[in-house]
Amino acid sequence: MSAATEVALRAPRKSQARALTPGKLARKTGFFLLLAIFVIVSLFPFYWIVDTSLKTPQEIDAGTTSLLPGHVTFSNYIDDFTQQDFIRPLLNSVLVAGCTTIVTVLLAALAGYALARTEIRLKPVWLGFILLANFFPVIAIVGPLFRIYVHIGLLDSYPGLIIADLIYTLPLATFLMSSYFSQIPKSLEEAALVDGSTRLRTLRKIIIPVALPGVFTTAILAFMFTWNDFILTLSFMTSPSRYLATQAIVSLGQSPYAIYYNLIDAAVVIISVPIAVLVLFAQRRIVSGLTAGSFR
Amino acid sequence: MAADQQAVAPPGSRRTRAGRGNAQTLLASDRRFGYMIIAPLLIVLLVITAYPLIYNIYNSFQHDNLLSFQRGFAGLANYAELFTNNQFLPALEHTLGFTVVSVVIETLIGLGIALALNKKFRGRGLVRAAVFIPWAVPTVVSAELWRTMFDPQQGFVNFVLTKLHLPLATTTWLDSTWTAWAAILVADAWRNTPFIAIVLLAGLQVIPSDIYEAAKIDGANAWNTFRRLTLPLLKPALMVALLFRTIQSFMVFDVVYIMTSGGPGTSTNVLAYLNWKAFFTLFDYGYGGAVSVSLVIIALLIAGVYVRLFRVEPAAA
């Protein structure tokens, strides 16, 4: 499927030298107007929140008087990092999302290889189970895991959260890895095996390097899914120093009397930036991973 | 998926050359290796899905409220509570309504975006990235963003309504039922429509273009081409997009938690939020377990209905 997409994306544009009739011109204008609406609706809220994040609390309280940016201050960002110690939850997010990604790629690569290249029995059963796990409601794992985490001391711990986060990443990652592996020519590994390499070693030294682009795609998606988590950190992280960024944002400057939009909005901008960069640089990869295997 | 179709001979077993016994040992060792490397994944997945499910099922038949001393077998008491406690049924109703409305809106707009982006024009890559970004940011971001946009004091929505002298300009959006739902729907649609658009766009791009040329030669108009060609060929993509979005929508939590906390009152309470509160504010693991079990059953039902409806096998998207 991704190959077909690439071809479609790279197909040369048809030369449009034909003269424009008024009707055609109107349709063309309408089309670009529609595109403009899509883009504006998608991006305008980001502009608004960046604008708000650059205002002082007094300016925010005074209400909005103009769409254009006014006097710019970085005090909210400085407050987030100094008074609110927002750097801590950011690092927690990086740590948890990073570890979840590594564990995901490891487990998914092994299982994906088993599904693609070994003759294990009951493959449809394993695939069906992995598929069902993909649709398992996250809320339904929260209560029981909380109880057992209390007993075994994993509550409010990074490993506990990482294990739970795997629910977001493992099913898709396994499907992706197995479909990437099955695209690799068998002759490659046969040659290595004839040379006396063990299968695990062949997987590590030959298969994974060839499938590296796929591994990256899987890793990027796993990182995004974990970075986006809210419900699990909310449930399993109890001390503020362990909160992930998403949970910390919600409680920034928390007081029963006010919502500190200025602090929240600055933090929202901060955690959106890495994702925006990721999308700009790896958009095609993310999209192909997200849609790979959807269609036969 | 490709994996199950390609049940190929393992690279290690050369049946033609080796004797039969030798091939069987090779097959056995191949299988052993396969089980060994798939086991870690299966164990982890069982721990985070099957274990909680079994625990919830067990608990849903027990009295297990941390705030009460009552313990032991509860029979169907927790399930009976779902229908008598005037929380679950309204939340179920809200969740169903939200799911239908959000999925319909997002699918229609997403289809429009996909069709537009399937045309070739200069700057398409940038437009696609722009439209795609809302999906990539955390739901917490979309919720906070739209809470700011809908803020009565400094939000964009009321600012524009005031400037244009339109009604509702002084609405405190999150303080009454229908306007709160509108705000939640906007936040949800803004983030999730791109997902549908992406999946449908990928589906459109695998449709070979010569089919359209043939239709053109046959004199089919745009609407007929869309209805008789595009839509049927888009069915697998549509199925994936709808299946994922419907289940996610049914489990909506973040947006509700952040924007309204289920309020005003309990008028925007949804099942996932109700379930979370059962565990973390009521500490009632029996009742909470019953809600969780119901949610798992509903998720399975939704998946089953879609698979039946579309008669294609789902795959991971």
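These numbers come from a predicted model, not from an experiment.

Reading the values: rules and limits
- Residues numbered from 1 in each chain as written.
- Chains lettered and ligands numbered in written order.
- Predicted model: local features only at pLDDT ≥ 70, side-chain atom pairs only at ≥ 80, totals over all residues.
- Helix = DSSP H or I, 4+ residues; strand = E, 2+ residues; numbered from the N terminus.
- Buried ≥ 20, exposed ≤ 12 C-beta atoms within 10 Å, placed from the backbone.
- Contact = placed C-beta atoms within 7 Å.
- Rg over C-alpha atoms; globule rule 2.2 N^0.38 Å.
- Domains from an automatic or database assignment.
- Nonpolar A, V, L, I, M, F, W, Y, C, P; charged D, E, K, R; others polar.
- Core = buried A, V, L, I, M, F, W, Y, C linked by C-beta atoms within 7 Å.
- Axes fitted to C-alpha atoms, helices over the stretch in contact; angles between N-to-C directions.
- Parallel < 35°, antiparallel > 145°, perpendicular 65-115°, else oblique.
- Left-handed = near helix turned anticlockwise from the far one by under 90°.
- Expected span 1.5 Å × (residues − 1).
- Bend = angle between axes of the 7 residues up to and from the residue.
- pLDDT = per-residue confidence, 0-100.

## Quick notes on the overall build of chain B
At step 1: Secondary structure summary: chain B contains 14 helices and two strands in total.
At step 2: Across its three principal axes, chain B shows a C-alpha extent of roughly 80 × 70 × 30 Å.
At step 3: Buried residues in chain B amount to 47% of all 317 residues.
At step 4: Partitioning the intrachain contacts of chain B with sequence separation of at least 6 by distance along the chain shows that 67% fall at a separation of at least 24.

## Observations regarding the overall build of chain A
At step 1: Scanning chain A for helices and strands turns up 14 helices and zero strands.
At step 2: Computed over its C-alpha atoms, the radius of gyration of chain A comes to 24 Å, more than 25% above the 19 Å expected for a compact globule of 296 residues.
At step 3: For chain A, the residues scored as buried account for 47% of the 296 residues in total.
At step 4: Within chain A, residue pairs in contact and separated by at least 24 positions form 76% of the contacts whose partners lie at least 6 positions apart.

## Describing unusual backbone geometry
Generally, phi is negative for residues other than glycine and the peptide bonds are trans, each holding for most cases.
All names here are of chain B.
At step 1: Residue Asn86 is not a glycine yet carries a positive backbone phi of 50°.
At step 2: Tracing the backbone through its elements, the reader meets Asn86 in the loop between helix 3 (77-84) and helix 4 (88-117).
At step 3: The exposed category is assigned to Asn86, around which 9 C-beta atoms lie within 10 Å.
At step 4: With phi around 55°, Phe283 is a residue other than glycine that occupies positive phi space.
At step 5: With respect to the helices and strands, Phe283 occurs in the loop between helix 13 (271-280) and helix 14 (285-310).
At step 6: Look at Phe283 and you get partly exposed, because 15 C-beta atoms sit within 10 Å.

## Things to note about the domain arrangement of chain A
All names here are of chain A.
At step 1: Entries for chain A in the domain assignment read domain 1 (20-79) and domain 2 (84-291).
At step 2: Of note, the centres of domain 1 and domain 2, computed from C-alpha atoms alone, are 33 Å apart.
At step 3: Between domain 1 and domain 2, the contact holds ten residues from the first and eight residues from the second.
At step 4: Taken together, the elements giving at least two residues each to the side of domain 1 that touches domain 2 come down to helix 2 (22-53), helix 3 (57-61) and helix 4 (75-81).
At step 5: Its residues placed into classes, the side of domain 1 that touches domain 2 shows five nonpolar, three polar and two charged.

## So, the environment of Val104 of chain B
At step 1: Positionally, Val104 of chain B belongs in helix 4.
At step 2: Considered as a pair, Val104 of chain B and Val47 of chain B are 57 residues apart in the sequence and their alpha carbons are 35 Å apart.

## A closer look at the nonpolar core
Considering soluble globular proteins, one finds that nonpolar side chains tend to be buried as a cluster.
At step 1: In this structure, Ile139 of chain A together with Ala183, Leu200 and Phe253 of chain B are the most contacted members of the largest nonpolar core, which totals 169 residues.
At step 2: Among the domains, domain 1 (20-79) and domain 2 (84-291) of chain A are the pair contributing at least three residues each to this core.
At step 3: Not counting the four nearest positions on each side in its chain, Ile139 of chain A is found in contact with Ile231 of chain A together with Met251, Phe253, Ala272, Asn275, Trp276, Ser292 and Leu295 of chain B.

## Observations concerning the packing of helix 9 (residues 186-194) of chain A against helix 10 (residues 199-210) of chain A
When two helices pack together, you describe them by how their axes are tilted relative to each other and by the distance separating the axes.
Residue and element names in this part refer to chain A.
At step 1: Running from N to C, helix 9 and helix 10 cross one another at 160°; their axes reach a closest spacing of 10 Å. When the interaxial angle is binned, helix 9 and helix 10 end up roughly antiparallel. Remark: the crossing between helix 9 and helix 10 carries right-handed chirality. Side by side, helix 9 and helix 10 meet where Leu188, Glu189, Ala192 and Leu193 of the first sit next to Thr202, Ile206, Ile207 and Val210 of the second.

## Looking at helix 2 of chain A
Residue and element names in this part refer to chain A.
At step 1: With 32 residues, helix 2 ought to run about 46 Å at 1.5 Å a step, and its terminal C-alpha atoms sit 45 Å apart, in line with that.
At step 2: The largest bend along helix 2 measures about 35° and falls at Leu43, with the proline Pro45 one to four residues further on.
At step 3: Taken residue by residue, helix 2 has Leu35, Phe38, Ser42, Pro45, Trp48, Ile49, Thr52 and Ser53 as its buried positions.

## Looking at the interface of chain B and chain A
At step 1: Every contact between the two is made by 88 residues of chain B and, on the other side, 95 residues of chain A.
At step 2: With 20 residues, the single largest contributor to the side of chain B that touches chain A is helix 2 (residues 20-60) of chain B.
At step 3: A class-by-class count of the residues in the side of chain B that touches chain A yields 66 nonpolar, 15 polar and seven charged.

## Looking at the confidence of the model for chain B
All names here are of chain B.
At step 1: On average, residues of chain B score 87 in pLDDT, and 91% of them reach the 70 mark or higher.
At step 2: Scored below 50 in pLDDT, residues 1-9 shows 22 contacts in the model against residues more than four places distant or in partner chains.
At step 3: Low confidence marks residues 12-18, where pLDDT is under 50. Its contacts with residues over four positions away, or in another chain, come to eleven contacts.
At step 4: Listed scores for the predicted complex are pTM 0.88 and ipTM 0.87.

## Considerations on the packing of helix 14 (residues 261-291) of chain A against helix 6 (residues 139-149) of chain B
At step 1: Close contact between helix 14 of chain A and helix 6 of chain B brings their axes to 10 Å; oriented N to C, the two are set at 140°. The angle between the axes of helix 14 of chain A and helix 6 of chain B places the two elements in the oblique class. Between helix 14 of chain A and helix 6 of chain B lies a crossing of left-handed hand. Residue-level inspection shows Tyr261, Ile264, Asp265, Val268, Ile271 and Ser272 of chain A of helix 14 of chain A in contact with helix 6 of chain B, the latter providing Val141, Glu144, Leu145 and Thr148 of chain B.

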